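Read off the chains here:
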Amino acid sequence: EIKPMVVGITCHAHMGWMRDIRKYCQEKGIIFQAHRLCEVNDWVIKNDEVIEIGRKYGVRPEQVVYRYALQAGMVPVVELRFPEEIRNAMQVYEFELDEEDMLFMETMDRRYREPGVEF
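Model, not experiment: these values are computed from the prediction.

Asks: Would you mind going over the overall build of the protein chain in detail, with residue names and values included?
Replies: When helices and strands are counted, the protein chain shows seven helices and three strands. What you see in the protein chain, going N to C, is helices and strands ordered as β-α-β-α-α-α-β-α-α-α. What you see for the protein chain is a C-alpha radius of gyration of 14 Å, in line with the 14 Å of a compact globule of 119 residues. Expressed along its principal axes, the backbone C-alpha trace of the protein chain runs to roughly 45 × 35 × 25 Å. Out of the 119 residues in the protein chain, the part that is buried amounts to 40%. Counting only contacts in the protein chain whose residues sit at least 6 apart along the sequence, the fraction spanning at least 24 positions is 74%. As displayed, the protein chain has an accessible area near 7600 Å², and 52% of this comes from carbon and sulfur atoms. Seen as two clouds, the 16 positive and the 22 negative side-chain charges of the protein chain have centres 3 Å apart.

Asks: Go over the packing of helix α3 (residues 48–57) against helix α6 (residues 99–106), please, and point to the residues and values.
Replies: A pair of packed helices is characterised by two quantities: the angle between their axes and the separation of those axes. Taken N-terminus to C-terminus, the directions of α3 and α6 make an angle of 155°; their axes are 11 Å apart at the nearest point. Here α6 runs roughly antiparallel to α3, going by the angle between their axes. Along this stretch, α3 crosses α6, giving a crossing that reads as left-handed. Of the residues in α6, those touching α3 at E49, V50, I53, K56 and Y57 are D101, F104 and M105.

Cut-offs used in this document
Residues numbered from 1 in each chain as written. Predicted model: local features only at pLDDT ≥ 70, side-chain atom pairs only at ≥ 80, totals over all residues. Heavy atoms only, no water. Helix = DSSP H or I, 4+ residues; strand = E, 2+ residues; numbered from the N terminus. Rg over C-alpha atoms; globule rule 2.2 N^0.38 Å. Buried < 20%, exposed > 50% of the residue type's maximum accessible area, 1.4 Å probe, protein only. Contact = heavy atoms within 4.5 Å. Areas by Shrake-Rupley, 256 points an atom, 1.4 Å probe, with all protein chains shown as cover. Lys, Arg positive; Asp, Glu negative; His and termini not counted. Charge placed at Lys NZ, Arg CZ, Asp CG, Glu CD. Axes fitted to C-alpha atoms, helices over the stretch in contact; angles between N-to-C directions. Parallel < 35°, antiparallel > 145°, perpendicular 65-115°, else oblique. Left-handed = near helix turned anticlockwise from the far one by under 90°.

See below:
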């Protein structure tokens, strides 16, 4: 039996950031690549509380999302086209979200719904 080493998934906040799949991957020693974190979660980036978390650390909301992903054990896949995007991406290693902010990000699906998504 050959198990995968990496699983790449489009990661949706309204689906708990794929919590169950992440847990399975962690248990099996499989790397979880989170694709399109900001593209499919633009409503998260516009969320007032996420914006406020960004202000707290002096970063942009997108950086909050990427930092959350890293701390939650994901490997974010980011498309970088311009020098500014590269600088912004590298800044996620210069801060850490505290426990309260991590819990907020992890449980966004329990408080908010993406506009237009039915459950």
